[in-house]
Amino acid sequence: MNFNFLQLIFSVIFGFVLFLVSAAEASEYPVFVDYEYGDLKEVIVGLPYGMTPSLDAPWFENAMKVLPADEAEYARKTAGMLWTDMIDPKTGKSESEMLEEENLAFIAILKSLGVKVYRPKEITVDFIRGNYGSDVLLNGFSQDFPRDNMAVIGNNLIEFNLRTPMRKVDISGFKELLLDKCSNGKVRWFSMPHTELLATSDTGTPCLEGGDVIVLGKTILVGNSRNPSVGSNEAGFRWLKNILGSSYNVVRVPLREDVLHLDCVLSVPRNGLAIVCEEAFVEGIPDHIKDWDLIKVGIESAQRLAVNGVPVNSKHYILSFNEHNDNKFIQSELEKRNIKVYRVFFGTHNGQGGALRCATQPVIRKLK
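From a predicted model like this one, the values you see are computed outputs, not experimental measurements.

Student: Is there a simple way to explain the packing of aromatic side chains in this structure?
Tutor: The description of two aromatic rings rests on the distance between their centres and on the angle between their planes. In total, this model carries 6 aromatic pairs according to the counting rule given. Taking 5.4 Å as the distance between ring centres and 5 degrees as the angle between the ring planes, the aromatic pair formed by tyrosine 29 and phenylalanine 32 counts as stacked. For tyrosine 29, a relative accessible area of 17% corresponds to the buried category. Between tyrosine 35 and tyrosine 37, the aromatic rings sit 5.3 Å apart at their centres with planes inclined by 40 degrees, giving tilted as the arrangement. For tyrosine 35, a relative accessible area of 25% corresponds to the partly exposed category. With relative accessibility at 5%, the residue tyrosine 37 sits in the buried group. Geometry around tyrosine 248 places lysine 218 over its ring, the cationic atom sitting 4.4 Å from the centre. One cation-aromatic arrangement involves arginine 343 over phenylalanine 321; the distance from NZ or CZ to the ring centre is 4.3 Å.

Spelled out as structure tokens, the structure:
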């Protein structure tokens, strides 16, 4: 038999064995994410509890720049209020009640697609006072968007140092789940250096938020908003690049001041396909995706969270809509590409500056 043919057969078999070993190892990890569009198996969905920041919070007005004018004005009117006390005049329901109705509709879709759902532990005002101090309540708190406190990259679970003060205490709600999931020796669980809770982060302090981190295999895109009060910064990008080392290609993606996170302007439903808001990228669409099939939306749609959807896998995509944007355009474009779309109303979450991706934190997501 021809030696070159035998060599080819051996190479194929050896490569297949390596693939099987890699797949088996991935399946054993209690925490693992390899691709944004990998099969979602386990996920955390946020809670409907929080408190709007005080008008006296020094970072508050800069943060309002990422919201549409009507949403920013509502945040000012409800400053310092618990969400359970914020009653909507149209429905007579509290902000918390409306948020949870949206969560439950979202969770129903996830479960119907075979996804296991976890919820954080509720954080109360008394808990914050007792464990962080009363002064921290100036910043408010929010449990609706678990995306930002951390990210899973491969078998690394990394707790972030957030630049958005409102979300810094949220990490306490994940403690029990993280202890359960990350005690396994196969998970690398670590944290960034943290700044003081009441301190304003300077440009040299590494800050990262999960909405800015998009995992595409060994390429990690990291958004950097020009807004000084929210989102990730360049120092945070450098920290992540250093900590992950040469195993990953970590790419910085600068964003406009009125854009909160990268996932507000970029979604990746499957390999070679992306939903983008081209206007948001200060230095243009990242090289890694610029030649892909691109579904483009304007900045107004992006600021109403049209782009912030969740791929359950490369064939199923969950899309939010609200009173300002029915999101039929993105739905139609995805369906043209043979992706099944599931719609969920998420208007209350959208009014708080986030949508479906923000409301989730993947625990296990891996490409078949």
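Student: Looking at this model, I keep getting lost on the pattern of salt bridges. Mind explaining?
Tutor: Side-chain pairs of opposite charge can arise where the charged atoms are in close proximity. Going through the model one piece at a time under the given rule, you end up with 23 salt bridges. Between arginine 76 and glutamate 73 there is a salt bridge whose closest N-O contact spans 3.5 Å. One end of the pair, arginine 76, and the other, glutamate 73, are both in helix α3 (residues 69-77), 3 residues apart, so they sit about a helical turn from each other. Since its relative accessible area comes to 28%, arginine 76 is described here as partly exposed. Here glutamate 73 falls in the partly exposed class, since its relative accessible area comes to 37%. With a closest N to O distance of 3.5 Å, lysine 121 and glutamate 176 form a salt bridge. On the criterion of sequence distance, the pair formed by lysine 121 in the loop between β4 (116-118) and α5 (125-131) and glutamate 176 in helix α6 (residues 175-182) is long-range, its members being 55 residues apart. Of the two residues, lysine 121 and glutamate 176, neither departs from the other in class, the shared state being exposed. Residues participating in the shared-partner salt-bridge network are Asp293, Glu333, Lys336 and Arg337.

Parameters at a glance
Residues numbered from 1 in each chain as written. Predicted model: local features only at pLDDT ≥ 70, side-chain atom pairs only at ≥ 80, totals over all residues. Heavy atoms only, no water. Phe/Tyr/Trp six-rings, centres within 6.5 Å; stacked < 30°, edge-to-face > 60°. Buried < 20%, exposed > 50% of the residue type's maximum accessible area, 1.4 Å probe, protein only. Lys NZ or Arg CZ within 6 Å of the ring centre and 35° of its normal. Salt bridge = Lys/Arg side-chain N within 4 Å of Asp/Glu carboxyl O. Helix = DSSP H or I, 4+ residues; strand = E, 2+ residues; numbered from the N terminus.

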